[in-house]
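A structural walkthrough
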Amino acid sequence: MPVKSVCAVVCRPPVGSRDSWEIMRFSMGLLAGDLDYRLVFAGDGVYHVLEDLPPKTPEGRDSVQRLLEDSLDFDVEVYAVEEDLAARGLQPRDVAARVEVIPARRVAELIRQADATYFV
Amino acid sequence: MPVKSVCAVVCRPPVGSRDSWEIMRFSMGLLAGDLDYRLVFAGDGVYHVLEDLPPKTPEGRDSVQRLLEDSLDFDVEVYAVEEDLAARGLQPRDVAARVEVIPARRVAELIRQADATYFV
Amino acid sequence: MAALFILLKAAPEEEQHVRFARNLAQAAAAQGHSVTLFALGEGVYNLAAGLGGQHGDYGISLDGQGAVRVLYCHYNAEQRAVAERIPQGFESSATSQAGILVARSDRFVTISA
Amino acid sequence: MAALFILLKAAPEEEQHVRFARNLAQAAAAQGHSVTLFALGEGVYNLAAGLGGQHGDYGISLDGQGAVRVLYCHYNAEQRAVAERIPQGFESSATSQAGILVARSDRFVTISA
Amino acid sequence: MAILMISALPPGDGERRARLVSLARDLADGGSVQLLLYGDGVFNLVAGSRAAGELAAGPLELYAVADDVAARGLDGRLIPEARPVDYDRVVQLVLEAERTVTGV
Amino acid sequence: MAILMISALPPGDGERRARLVSLARDLADGGSVQLLLYGDGVFNLVAGSRAAGELAAGPLELYAVADDVAARGLDGRLIPEARPVDYDRVVQLVLEAERTVTGV
């Protein structure tokens, strides 16, 4: 049975390395296959959804903020884990618009709904 | 004042990545500068000193075991942290010959004695 | 027979991941399954010709014995200036094509450092 | 004036480390200190010509504005088949030379992913 | 529902392992969760280690790539719950699983 | 003795941070220990975070590369103990330290 749904769980921080940028870019490609794709930010990944994250890096290229906006514009459901935000001193008001803050136990539900989940 | 002594603290596991291999190879080069160089294995780094670590990788290249032997042959002092061995189910009898097992608090002493310390 | 899509996002330096991807791909292909391996990010370095140099102790060959279809992200290869060093047998591709191929696969696993 | 030796062992992908190494090296050189930057392992990729590709958004330039002496491990560059792609201004070197240069430096810092 | 996790997690990263075990607990409800470890991840299964204790306590079927066990000199040193597997068996595990969770 | 630690440790790696703080305690005896954070390491200093609490409780003088703070949208959000520094000051810290500890 072909893969129909995919969930990406990003746990790495957003700026220092291109890791998460690359996997978010790849995941956008899944939309070309008409796959149901959801994006979850957990652990250090929650820094991706900071409202104040600058759109450009110091060298002037697009930051992950642009990819997050693109994902949301394509109606990808984007989540951030409440407990991981709190442990990092971040409040719901710090979170970019259209990102849904969820309790940690909801992550397992999202994983159960996806044929394939990958952590980054 | 020129650097005279250097301490490398290897905390990563030994086989899956070339990270520690590369830094151990680099550190051997310090002997060409007549530097006092010490090598400490802590955390997941303690797996480097397993007596039974095969000398070759599955692809047939030298494993870190060879570099460890080389280091010891050049009279580099090599240490492994007792607590980190124990947490990993490893006993002093699992440790390769000539490697000194030390308690964790000794690491700070070694660092105080070195002009430059780097963690890997 | 099933179709398996493997995403490889690990540099040659990260041998454990490259080895796992290669061995999984080859075992599945040997069993008669259809296998696609897609190299992303640092993963494209694994396909560049000449890895190993004169010393021959670096990099794990991904030549698929014909049975594994290997694609790579052209954008990532260009960024790293290795696009022209990737042999013919490997296919230049893009993330949108990857998405279409994932949707045609029965299993999708990622292997990443 | 002091002599600073910087070991860079991080791929271009790991931008935070490359950026820190470059900015530290340039600031020290601008203050008149003698600065040596040695690229090891994945770090040698930072010196390969053409990084960025047509998109220009990959890699942080390590051109030292003349003031920073940049060396790289030839063995690592050969393993990765990039030795012939490293521009003239960067010096081919070995770990033994690095050891001698560290011993002539006042400070030795490593920057690694 | 059969869920297969695949990971090379470093044994020293206790928080990541705790997250994995906790996730496995949440996922196990009414089905089985398998954990396949490869590369340096197999160090997590050494008998007598803290990591092996934590993993064996979770609701997980444990598998280790046999080649990777041998490459680390660990033959005969893993906990009995850990089943060594070759790549043919890995393929089978991947195809039999209804869900895959990778890089966890 | 003045000891300078330089690190980009990810805030989610609590064990590595605990090791760093514990090491700093052992090293501080009779001298000062400075911790310079760069890259994603500056996230450790966000006010109200667990990481910042742990670091501020240790015997550490805390520094953060100002460019990296700005690049993460964190201006004004760090704990007061964290001193933002430019690269000229980083050079000074490196040269004034009697010992350097990197990658910790």
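Check the entry above for the structure.
Notes on the structure follow.

A few words now on the side chain of Glu15(D). Along the polypeptide, Glu15(D) turns up in helix 1 (residues 15-30). Engagement of the side chain of Glu15(D) in a polar contact is seen with the side chain of Arg61(A), the distance being 2.8 Å. Those residues within four positions of Glu15(D) in sequence are excluded, and the remaining contacts are Val15(A), Gly16(A), Ser17(A), Arg18(A), Arg61(A) and Ile60(D).

The subject of this paragraph is the interface of chain F and chain B. Facing 13 residues of chain F, the contacting portion of chain B comprises 12 residues. Here chain F and chain B share one salt bridge between them. Two residues, Arg99(F) and Asp115(B), come together in a salt bridge whose shortest N-O distance is 3.2 Å. At the junction of chain F with chain B, the criterion picks out eight residue pairs in polar contact (both at pLDDT 80 or more). Put simply, the parts of the chain that give the side of chain F that touches chain B at least two residues each are helix 1 (14-28) and strand 5 (99-102) of chain F.

What follows deals with the layout of surface pockets. Residue and element names in this part refer to chain C. By volume, the second largest pocket is sized at about 280 Å³. Lining the second largest pocket are 21 residues, with Leu51, Tyr58, Gly59, Ile60 and Ser61 sitting closest to its centre. Residue composition of the lining of the second largest pocket, grouped by class: nine nonpolar, five polar and seven charged.

Contact residues are listed per partner, giving 21 residues for chain D and 21 residues for chain C. The contact between chain D and chain C buries some 1800 Å² in all, and 44% of this surface belongs to carbon and sulfur atoms. In this assembly, chain D and chain C are joined by four salt bridges. We note a salt bridge from Lys9(C) to Glu13(D), for which the minimum N-O separation is 3.8 Å. For the pair chain D and chain C, the number of links is 15 residue pairs in polar contact (both at pLDDT 80 or more). Here the element with the most residues in the side of chain D that touches chain C is helix 2 (residues 74-79) of chain D; it accounts for three residues. Of the residues assigned to the side of chain D that touches chain C, the class counts are eight nonpolar, six polar and seven charged.

A positive phi angle is found at Ala81(C), which is not glycine, with a value near 60°. Of the residues examined, Ala81(C) reaches a relative accessible area of 13% and is grouped as buried.

The subject of this paragraph is the packing of helix 1 of chain D against helix 4 (residues 87-96) of chain F. Packing of helix 1 of chain D against helix 4 of chain F brings their axes to within 9 Å, and their N-to-C directions diverge by 80°. In terms of axis orientation, helix 1 of chain D runs roughly perpendicular to helix 4 of chain F. Together, Arg19(D), Phe20(D), Asn23(D), Leu24(D), Ala27(D) and Ala28(D) of helix 1 of chain D and Tyr87(F), Asp88(F), Val90(F) and Val91(F) of helix 4 of chain F make up the contact between the two elements. Residue composition of the contact of helix 1 of chain D with helix 4 of chain F, grouped by class: seven nonpolar, one polar and two charged.

Turning our attention to the packing of helix 1 of chain F against helix 2 (residues 50-57) of chain F. Residues and elements named next belong to chain F. As a packed pair, helix 1 and helix 2 sit with axes 10 Å apart at the nearest point and diverge in direction by 10°. Comparing the axis directions of helix 1 and helix 2 gives the class roughly parallel. The residues of helix 2 that touch helix 1, namely those facing Arg17, Leu20, Val21 and Arg25, are Ala51, Glu54, Leu55 and Ala57. When the residues that make up the contact of helix 1 with helix 2 are grouped by side-chain class, the tally is five nonpolar, no polar and three charged.

Basis of the calculations
Residues numbered from 1 in each chain as written. Chains lettered and ligands numbered in written order. Predicted model: local features only at pLDDT ≥ 70, side-chain atom pairs only at ≥ 80, totals over all residues. Heavy atoms only, no water. Helix = DSSP H or I, 4+ residues; strand = E, 2+ residues; numbered from the N terminus. Polar contact = N/O pair within 3.5 Å; in protein donor to acceptor, adjacent residues only side chain to side chain. Contact = heavy atoms within 4.5 Å. Salt bridge = Lys/Arg side-chain N within 4 Å of Asp/Glu carboxyl O. 1 Å grid on protein atoms, 1.4 Å probe; cavity = no way out; pocket = protein on both sides within 12 Å on 5 of 7 lines; lining within 4 Å. Points joined across faces, edges and corners; volume = space filled by probe spheres on them. Nonpolar A, V, L, I, M, F, W, Y, C, P; charged D, E, K, R; others polar. Buried area = accessible area lost by both parts, 1.4 Å probe. Buried < 20%, exposed > 50% of the residue type's maximum accessible area, 1.4 Å probe, protein only. Axes fitted to C-alpha atoms, helices over the stretch in contact; angles between N-to-C directions. Parallel < 35°, antiparallel > 145°, perpendicular 65-115°, else oblique.

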